[in-house]
Amino acid sequence: SPTEALRITNDRYVRLASGSGGIQFNGDTAAANALDDYEEGTWTPTAAQGFTSPTYGASTAGIYTKIGNIVRVHGRLVLTGGTATASTIRIGGLPFTCQNTASQYITCGYYLNAGAGTIGNALKPLVWPGQTYIEIYQQNNTNVTVVAGTTLGNTMDIIFSATYQV
């Protein structure tokens, strides 16, 4: 009895059956090289550390694209209140856990739009192995240091992007 493996729908989508091997390119027959996952979606960034009782602005939002084992996230975290703490700022809620390999934390794009602190745009966010958060660091010409909630105060607007492996 035949089993469906591929379908071309009447709205012109090509769908592989669940559990199929994926799409192979240029005659490459290695299963590990097949494109077997693509996903887009939304996620909600949170102040996972650095603040207690945070109040979020309406513009707080995130989107992601996952292709194979690479995830690209974009987000905006807007805090309009709460209590800043001396802990490192962590943006939580990433849609996927970073690969749990010590050498796999990936630096991110960044932009600090506003905040009570004076660190400007010199932010270096990191996605740590085995975690679902981005930790915020400050980078200058000579070193990298953590950014605590108390550095920025209880209001801020961070726009960021990150690419990491799952």
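Residues numbered from 1 in each chain as written. Predicted model: local features only at pLDDT ≥ 70, side-chain atom pairs only at ≥ 80, totals over all residues. Heavy atoms only, no water.

Novice: Got a minute to help me understand the packing of aromatic side chains in this structure?
Specialist: Each pair of aromatic rings is reported with the distance of its centres and the angle of its planes. The tally for this structure, following the rule as stated, stands at 3 aromatic pairs. Measuring from centroid to centroid gives 6.1 Å for Trp43 and Phe160, while their planes differ by 65°, and the two rings are edge-to-face. Taken together, the residues span a long stretch of sequence, with Trp43 in strand β3 (residues 38-43) and Phe160 in strand β13 (residues 156-165) at a distance of 117 residues. Each of the two residues, Trp43 as well as Phe160, counts as buried. Both rings, one in Tyr64 and one in Phe96, keep their centres 5.4 Å apart while their planes meet at 85°; by these two values the pair is edge-to-face. Pair noted here: Tyr64 is in strand β6 (residues 61-67) and Phe96 is in the loop between β8 (90-92) and β9 (106-115), with a separation of 32 residues, a long-range link. Summarising the burial analysis for this pair, Tyr64 and Phe96 share the class buried. It is Lys66 that lies over the ring of Phe96; its NZ or CZ is 5.5 Å from the centre. (Phe/Tyr/Trp six-rings, centres within 6.5 Å; stacked < 30°, edge-to-face > 60°. Helix = DSSP H or I, 4+ residues; strand = E, 2+ residues; numbered from the N terminus. Buried < 20%, exposed > 50% of the residue type's maximum accessible area, 1.4 Å probe, protein only. Lys NZ or Arg CZ within 6 Å of the ring centre and 35° of its normal.)

Novice: Mind showing me how you'd approach the pattern of salt bridges here?
Specialist: Per the stated rule, a full pass over the model turns up 4 salt bridges. For the salt bridge of Lys66 with Asp37, the shortest nitrogen-to-oxygen distance reads 2.2 Å. You can see Lys66 sitting in strand β6 and its partner Asp37 sitting in the loop between β2 (14-16) and β3, a full 29 residues away along the chain. Since its relative accessible area comes to 9%, Lys66 is described here as buried. The residue Arg76 makes a salt bridge to Asp157 at a minimum N-O spacing of 2.5 Å. Highlighted residues: Arg76 in strand β7 (residues 70-84) and Asp157 in strand β13, separated in sequence by 81 residues. According to the relative accessible area criterion, Arg76 is partly exposed, its value standing at 28%. Look at Asp157 and you get buried, because its relative accessible area is 9%. (Salt bridge = Lys/Arg side-chain N within 4 Å of Asp/Glu carboxyl O.)

Novice: How should I be thinking about the nonpolar core in this particular structure?
Specialist: Nonpolar side chains in soluble globular proteins generally cluster together in the buried interior. Val73, Ile134, Met156 and Tyr164 are the most contacted members of the largest nonpolar core, which has 24 residues in total. Counting only elements with at least two residues in this core, the list comes to β7, β10 (123-127), β11 (133-139) and β13. With 5 residues, the single largest contributor to this core is β13. (Core = buried A, V, L, I, M, F, W, Y, C linked by side-chain atoms within 4.5 Å.)

Novice: Hey, could you run me through unusual backbone geometry in this one?
Specialist: Among all residues save glycine, negative phi is the norm, and among peptide bonds the norm is trans. The phi dihedral of Arg12 is positive, around 70°, even though this residue is not glycine. On the secondary structure map, Arg12 appears in the loop between β1 (6-8) and β2. Judged by its relative accessible area of 76%, Arg12 is exposed. The phi angle at Ser53 is positive, at roughly 50°, despite the residue not being glycine.

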